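The lines below spell out each chain.
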Amino acid sequence: EALSWSRADWTEALRSSSNRCQVLKGNVLNFQIPGHCQTVVGNIPYRISSALISKLLRQEPPLERIVLMVQLEFAKQLMAKPGTAKFGMLSALCAACARCEVVIDRVPPEFFSPAPRVESQVVLLEPFKVPPCSPQHLEPLLRALLGPKTSKDAALETALDPWAEELPSRWRVALGGAQL
C-alpha cells in the first residue's frame with residue numbers, strides 16, 4: 001500500500017507519526033538545516049548529489065546520519081577506494097569524514113513513477129564525531145589534489161592556506177616532487 005502513496009500522503013504520515021520528524025520544503029542547497037536535526041533522509045534529484053553530500057558533510061553541528069537514494073553510478077563513485085578509476089574528490093571527502101555503506105544495493109527504475117532511465121542505490125553516511133580534519137578545509141584541498149588538472153597550482157596554494165603556518169617551509173618542493 002505504501003508504494004502507491006502520494007507525496008502528500010507520505011508527508012502527512014511522517015508529520016503525524018512523531019514529533020521527532022520534520023519535513024522541510026525548499027531548495028535543500030539553499031536551506032539551512034536546523035541545528036537540532038540529527039538525521040537527513042531523502043530521495044534527492046540526482047543532478048545535485050555531489051553538492052548536497054558536500055553540504056551535509058560540512059553541516060554544523062555535524063549530523064549523526066545521512067541516508068540518501070542516489071543514482072547507482074554516483075554511489076559507485078562515492079564508495080570508490082583509492083587507486084580505483086572511480087576514486088575522486090567526493091569519495092576521498094566521504095572516506096575522511098564519515099563511515100559510508102550501501103544499505104539498499106539496487107532500486108530498479110520500475111519502483112518510480114515516472115520510471116527514470118537509471119538504477120538507484122541507498123547509501124548511509126555517518127559523519128565522524130571528530131573528523132581528522134574540518135570538512136570545510138579538507139574539501140578545497142581534495143578538490144585541488146583530485147580535481148581537474150587545470151590551474152591546480154593556484155587551487156592547491158589556496159587550499160593549503162589554512163595550514164600555512166603548520167606546513168614545513170619547503171612544502172611546495174615536496175608536493176612538486178610528488179607530482180601533485
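A brief report on the enclosed structure follows. On a predicted model such as this, the values are computed, not experimentally measured, just so you know.

**Considering the sheet that holds strand β1 (residues 39-43)**
Then, number 1: Pairing is mixed in the open sheet, where 4 strands are placed in the order β1-β2-β4-β3. Of all the strands in the sheet, just β1 and β3 (98-107) have a single pairing partner and so form its edges. Mean inter-strand twist for the sheet, computed between neighbouring axes without regard to direction, equals 20°.
Then, number 2: Taken together, the 5 bridges between β1 and strand β2 (residues 65-71) define a ladder with parallel strand orientation. The residue bridging V40 from the neighbouring strand is I66, located in β2.

**Topic: the state of the cysteines**
Then, number 1: Counted according to the given criterion, the structure contains 0 disulfides.
Then, number 2: C94 supplies the cysteine sulfur nearest to C100, a cysteine that is in no disulfide, at a spacing of 4.7 Å.

**Brief notes about the pairing of strand β4 (residues 120-127)**
Then, number 1: Most of β4 is tucked away, with 7 of its 8 residues classed as buried.
Then, number 2: Inspection of the sheet shows β2 paired to β4 by 6 bridges, in the antiparallel sense. In the strand pairing of β4, L68 is matched with V123.
Then, number 3: Sheet topology places β3 next to β4; 7 bridges connect them, and they run antiparallel.

**Section: the pattern of salt bridges**
Then, number 1: In total, this model carries 7 salt bridges according to the counting rule given.
Then, number 2: The residue E139 makes a salt bridge to R58 at a minimum N-O spacing of 2.9 Å. Of this pair, E139 sits in helix α5 (residues 135-146) while R58 sits in the loop between α2 (49-57) and β2, and the two are 81 residues apart along the sequence.
Then, number 3: Accessibility expressed as a relative area gives 8% for E139, which makes it buried.
Then, number 4: Ionic pairing is found between E126 and R99, a salt bridge with its closest N-O pair at 2.5 Å. Within this pair, whereas E126 is found in strand β4, its partner R99 is found in strand β3, the two being separated by 27 residues in sequence.
Then, number 5: Among the charged side chains, a salt-bridge network with shared partners connects R65, R99, E101 and E126.

**Let's talk about the side chain of S54**
Then, number 1: Within the secondary structure, S54 sits in helix α2.
Then, number 2: Excluding its chain neighbours within four sequence positions, the residues that come into contact with S54 are L90, L93 and E139.

**Observations concerning the nonpolar core**
Then, number 1: I53, L56, L57, L68, L78 and L93 are the most contacted members of the largest nonpolar core, which has 27 residues in total.
Then, number 2: Looking at this core, the elements with two or more residues in it are α2, β2, α3 (72-78), α4 (89-97), β4 and α5.
Then, number 3: By residue number, the principal contributor to this core is α4, which donates 6 residues.
Then, number 4: With residues near it in sequence (within four places) discarded, I53 still touches L68, F74, L78, L90, C94 and L125.
Then, number 5: Membership of the second largest hydrophobic core comes to 5 residues, among which are V67, M69, V107 and L124.

**Thoughts on the packing of α4 against α5**
Then, number 1: At their nearest, the axes of α4 and α5 sit 9 Å apart, and the two run at 145° to each other. The handedness of the crossing between α4 and α5 is right-handed. Residues M89, A92, L93, A96 and C97 of α4 form the contact with α5, whose own contacting residues are P135, L138, E139, L142, R143 and L146.
Then, number 2: A breakdown of the residues in the contact of α4 with α5 according to their chemical character gives 9 nonpolar, no polar and 2 charged.

**Quick notes on unusual backbone geometry**
Then, number 1: Of the consecutive residues E60 and P61, the connecting peptide bond is found in the cis state with omega at -5°.
Then, number 2: Summarising the element assignment, P61 is placed in the loop between α2 and β2.

What counts, and where the lines are drawn
Residues numbered from 1 in each chain as written. Predicted model: local features only at pLDDT ≥ 70, side-chain atom pairs only at ≥ 80, totals over all residues. Heavy atoms only, no water. Pairing = 2+ DSSP bridges. Helix = DSSP H or I, 4+ residues; strand = E, 2+ residues; numbered from the N terminus. Axes fitted to C-alpha atoms, helices over the stretch in contact; angles between N-to-C directions. Disulfide = S-S within 2.5 Å. Buried < 20%, exposed > 50% of the residue type's maximum accessible area, 1.4 Å probe, protein only. Salt bridge = Lys/Arg side-chain N within 4 Å of Asp/Glu carboxyl O. Contact = heavy atoms within 4.5 Å. Core = buried A, V, L, I, M, F, W, Y, C linked by side-chain atoms within 4.5 Å. Left-handed = near helix turned anticlockwise from the far one by under 90°. Nonpolar A, V, L, I, M, F, W, Y, C, P; charged D, E, K, R; others polar.

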